[in-house]
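Listed below are the residues making up each chain.
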Amino acid sequence: MDLITGTYDCKVDAKGRLMMPVAIKKQLSAVLQNGFVLRRSVFQKCLELYPMSEWQALMQKMNKLNKFKKKNNDFIRRFTAGAKIVEVDASGRLLIPKDLTVFANISKDIVVASAINIIEIWDKNLYEQAIDDAALDFADLAEEVMGQDDDEYGIS
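Residues numbered from 1 in each chain as written. Predicted model: local features only at pLDDT ≥ 70, side-chain atom pairs only at ≥ 80, totals over all residues. Heavy atoms only, no water.

- As named in an unreviewed UniProt entry, the chain is Transcriptional regulator MraZ, taken from Neotamlana laminarinivorans.

### Overview of the overall build of the chain
Next up, step 1: Helix and strand counts for the chain stand at 6 helices and 8 strands.
Next up, step 2: Mapped from its N terminus to its C terminus, the chain presents α and β elements in the order β-β-α-β-β-α-α-β-β-α-β-β-α-α.
Next up, step 3: With respect to the three principal axes, the spread of C-alpha positions in the chain is 50 × 40 × 30 Å.
Next up, step 4: Burial statistics for the chain: of 156 residues in total, 33% are counted as buried.
Next up, step 5: Relative to all contacts within the chain whose residues are 6 or more apart in sequence, the contacts with residues 24 or more apart total 55%.
Next up, step 6: Distance between charge centroids for the chain: 13 Å, based on 21 positive and 23 negative side chains. (Helix = DSSP H or I, 4+ residues; strand = E, 2+ residues; numbered from the N terminus. Buried < 20%, exposed > 50% of the residue type's maximum accessible area, 1.4 Å probe, protein only. Contact = heavy atoms within 4.5 Å. Lys, Arg positive; Asp, Glu negative; His and termini not counted. Charge placed at Lys NZ, Arg CZ, Asp CG, Glu CD.)

### Description of a negative patch on the surface
Next up, step 1: Taken together, the side chains of Asp137, Asp140, Glu143 and Glu144 make up a negatively charged region of the molecular surface.
Next up, step 2: Mapped onto the elements, Glu143 comes out in helix H6 (residues 138-146).
Next up, step 3: Judged by relative accessible area, Glu143 falls into the exposed class, the value being 57%. (Patch = residues over 30% accessible without salt bridge, like charges linked within 9 Å, V, L, I, M, F, W, Y side chains within 5 Å. Areas by Shrake-Rupley, 256 points an atom, 1.4 Å probe, with all protein chains shown as cover. Salt bridge = Lys/Arg side-chain N within 4 Å of Asp/Glu carboxyl O.)

### Structural notes on the layout of surface pockets
Next up, step 1: Its boundaries defined by the atoms lining it, the largest pocket holds a volume of some 440 Å³.
Next up, step 2: In this structure, the largest pocket is lined by 17 residues; those nearest its centre are Ser41, Gln44, Glu48, Ala115 and Glu120.
Next up, step 3: Contributions of two or more residues to the lining of the largest pocket are made by strand S4 (47-51), strand S7 (109-115), strand S8 (118-123) and helix H5 (124-135).
Next up, step 4: Residue classes in the lining of the largest pocket are distributed as 11 nonpolar, 4 polar and 2 charged.
Next up, step 5: Volume-wise, the second largest pocket comes out at about 220 Å³.
Next up, step 6: Looking at the second largest pocket, the residues that line it are Arg39, Arg40, Ser41, Val42, Phe75, Arg78, Phe79, Ala81 and Phe103.
Next up, step 7: If you list the elements that add at least two residues to the lining of the second largest pocket, you get strand S3 (36-40) and helix H3 (70-80). (1 Å grid on protein atoms, 1.4 Å probe; cavity = no way out; pocket = protein on both sides within 12 Å on 5 of 7 lines; lining within 4 Å. Points joined across faces, edges and corners; volume = space filled by probe spheres on them. Nonpolar A, V, L, I, M, F, W, Y, C, P; charged D, E, K, R; others polar.)

### Overview of the UniProt feature "domain: SpoVT-AbrB" (unreviewed entry) in the chain
Next up, step 1: Within the UniProt annotation, "domain: SpoVT-AbrB" (unreviewed entry) is assigned to residues 7-54 and 83-126.
Next up, step 2: Along residues 7-54 the backbone is 19% helical and 38% strand, and the end-to-end C-alpha distance reaches 20 Å.
Next up, step 3: Measuring from the first to the last C-alpha atom of residues 83-126 gives 21 Å, for a span that is 20% helix and 43% strand. (UniProt positions renumbered as here; feature names shortened; annotations may be inferred.)

### Structural notes on the sheet that holds S3
Next up, step 1: Taken in spatial order, the 6 strands make up an open sheet running S1-S7-S8-S4-S3-S5, and their pairing is antiparallel. Strand pairing shows two members of the sheet lacking a second neighbour, strand S1 (7-11) and strand S5 (84-86), which therefore form its edges. Going across the sheet, the axis of each strand differs from the next one's by a mean of 30 degrees, ignoring polarity.
Next up, step 2: Running at roughly 95 degrees to S4, helix H2 (residues 52-62) makes contact with S3, S4 and S5 of the sheet. (Pairing = 2+ DSSP bridges. Axes fitted to C-alpha atoms, helices over the stretch in contact; angles between N-to-C directions.)

Below, the structure written as structure tokens:
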């Protein structure tokens, strides 16, 4: 799967349907027919949309966890709680299930934002607040995460 790029302001209709941005649909054209998994984010009050191939790869990794350890079972249960298989319809809309809409405080105005290989779906106000909150320490965070000289994953 190719990486996904872009952040878009969108709207959700009264039935909870999101019209996917054209640029996102183009990037996902090879995987649209396979469907997606929509789930709650672990760290934020937003939703994460996984192309089915990405979700299956993640589940294969999680399947290697020792299920005879309680913490592993607890993690799997909580990580997959509320996850739903969803599809983009012929009109390019994605129906956001009601329980996930409630979790992410989604009303009308939302932001669809790429997160490397998945898409985050945010209530617009919560997204702007998260970006504003992160702006204060982003330089330090960027240096800590990406500025490693001696690590094979450093980009400096």
